[in-house]
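# Descriptive analysis of the structure
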Amino acid sequence: MLPREELLKHVENRDTLARVIDCAEKAIKTWSVVFTDFLSPPELAEATLSFSRLTEVQLLAWGGYPQAERKRIAIAHSELPLDESQVELTALDIAGNFLFDTATHRDFLGAMLGTGIVREKTGDIIVLGERGAQVVVVPELADFLSANLTQVRSVPVKTQRVDLSELKVREPRKKELTTVEASLRLDAIASAGFSMSRSKMVDLINAGDVRVNWKEITQASHQIKTGDLIAIRGKGRLEVGEIAVTKKERYRMQLTKFV
């Protein structure tokens, strides 16, 4: 048995991690590959960190394409082979004429949930503008959604399976920048990377809108390091690259902003 209580200590997404532990214990017991539902980035980060100390199981997260945010985790005994092709996923194309009635990510998600399914069974939704959208789901929902997802907003749609290779994924827009700061404080680096005032950034941090490596951080003085990912709800993400100390003992760092 896995050290359940130790794994669940100090985690935000306790219920989700408990379900991941259940899957892991089944994988160990049956020597088979067991899959979770789709997890959000914070849940994925927490599960990966919690299981990183264990040697008897391995985790592999995959959402259908490299930049996917929501992913399923495949869990197997550490001695079994495991790769992305084993993660059970199905892609659906939701086609309709949205030229005169534009639909958003929320509209497509709402239409799918309106059929009676739960969010955990769906991965990323790729909105294609006037042509509709594509979505990644667990395979067992594909036929159900093909039959029952027939309208989004006021637009009739046809929902059908497509190959994962047919997903029309756009490369994320990114901007490279360099900044020099007096400290490695979260508020200093994030305000520089997101081009906003330090006081505004402190307000966002205090409000719980800022995450570092998908963990909510509410201390403006939190120290940032190379490799950290800073995310602000509704404003994108910032990846911290190389950090060097200048002759004046300030910190020069490379930042990549994704929007």
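Worth saying up front: this structure is predicted, and the values here are computed from it rather than measured.

Rules used in this analysis
- The residue numbers shown here count from 1 along each chain, following its written sequence.
- Two thresholds apply to this predicted model, a pLDDT of at least 70 for residue-level local features and 80 or more for giving and counting side-chain atom pairs, whereas whole-chain, interface and lining totals are computed over all residues.
- Computation of side-chain values covers all heavy atoms of the structure but excludes hydrogens and water.
- Labels follow the DSSP assignment, with helices taken as runs of H or I lasting at least four residues and strands as runs of E lasting at least two, numbered in each case from the N terminus.
- Whether a residue is buried, partly exposed or exposed follows from its accessible area with a 1.4 Å probe, protein chains only, as a fraction of its type maximum: under 20%, in between, or over 50%, in that order.
- The contact definition used throughout considers only heavy atoms, calling two residues in contact when any of these lie within 4.5 Å.
- Two strands pair under a simple rule: DSSP has to find at least two bridges between them.
- All axes are obtained by fitting lines to C-alpha atoms, using only the stretch in contact for helices, and the reported angles, taken between N-to-C directions, cover 0 to 180 degrees.
- UniProt positions are given in the numbering used here, feature names are shortened, and annotations may be inferred rather than shown by experiment.
- Of all possible arcs, the one meant is that of the directions from the helix axis to the C-beta atoms.
- Any angle that is under 35 degrees is reported as roughly parallel, and any over 145 degrees as roughly antiparallel; angles of 65 to 115 degrees are reported as roughly perpendicular and all others as oblique.
- Note on convention: near helix rotated counterclockwise from far helix by under a right angle means a left-handed crossing. Clockwise means right-handed.
- Here the nonpolar group is Ala, Val, Leu, Ile, Met, Phe, Trp, Tyr, Cys and Pro; Asp, Glu, Lys and Arg are the charged ones; every other residue, Gly included, is treated as polar.

## Side note on the overall build of the protein
Within the protein, the secondary structure is distributed over seven helices and 15 strands. Projected onto its principal axes, the C-alpha coordinates of the protein cover approximately 65 × 55 × 30 Å. Expressed as a percentage of the 259 residues in the protein, the buried residues total 46%. Considering only contacts within the protein whose residues lie at least 6 apart along the sequence, 59% involve residues at least 24 apart.

## Observations regarding the sheet that holds strand β3 (residues 71–77)
Spatially, the three strands line up as an open sheet ordered β1-β3-β2, and their pairing is antiparallel. At either margin of the open sheet sits one strand with a lone partner, and together these are β1 (34–39) and β2 (57–62). The average undirected angle you get between the axes of adjacent strands in this sheet is 20°.

## Describing the UniProt feature "domain: RNA-binding S4" (unreviewed entry) in the protein
As recorded in UniProt, the sites labelled "domain: RNA-binding S4" (unreviewed entry) are residues 184–244. The distance from the first to the last C-alpha atom of residues 184–244 is 11 Å, and the span holds 28% helix and 30% strand.

## What to know about helix α7 (residues 198–206)
The complete set of buried residues in α7 reads M201, L204 and I205. Axial view of α7: buried residues confined to an arc of 100°, hence all on one face. For α7, the exposed residues lying more than 90 degrees away from the buried face are S199 and N206. The secondary structure elements touched by the buried residues of α7 are α6 (186–193), β11 (210–212) and β13 (229–232).

## Topic: the sheet that holds strand β9 (residues 158–162)
Spatially, four strands are ordered β5-β6-β4-β9 in an open sheet, and the strand pairing comes out antiparallel. Whereas interior strands pair on both sides, the edge strands pair on one side only; in this sheet they are β5 (122–127) and β9. On average, each strand axis in the sheet is tilted by 25° relative to the strand beside it, whichever way the strands run. Bridge count for strand β4 (residues 90–95) against strand β6 (residues 132–137) is six bridges, and the pairing is antiparallel. Considered in β6, the bridge of L92 is made with V135. Most of the contacts of helix α4 (residues 105–113) go to β5, to which it runs at about 140°, and overall it touches β4, β5 and β6.

## Comments concerning the packing of helix α2 (residues 14–30) against helix α3 (residues 41–51)
For the pair α2 and α3, interaxial distance at closest approach is 10 Å and the crossing angle is 50°. Classed by the angle they form, the pair α2 and α3 counts as oblique. Handedness of the α2/α3 crossing: right-handed. Where α2 approaches α3, its residues T16, L17, V20, I21 and A24 are matched on the opposing element by E43, A47, S50 and F51. Taken together, the residues of the contact of α2 with α3 break down into six nonpolar, two polar and one charged.

## So, the environment of L145
Mapped onto the elements of the fold, L145 is located in helix α5 (residues 142–148). Residues L145 and K225, spaced 80 residues apart in sequence, show a C-alpha to C-alpha distance of 44 Å. Apart from the residues within four sequence positions on either side, L145 is in contact with L92, M112, T115, I117, V137 and T159.

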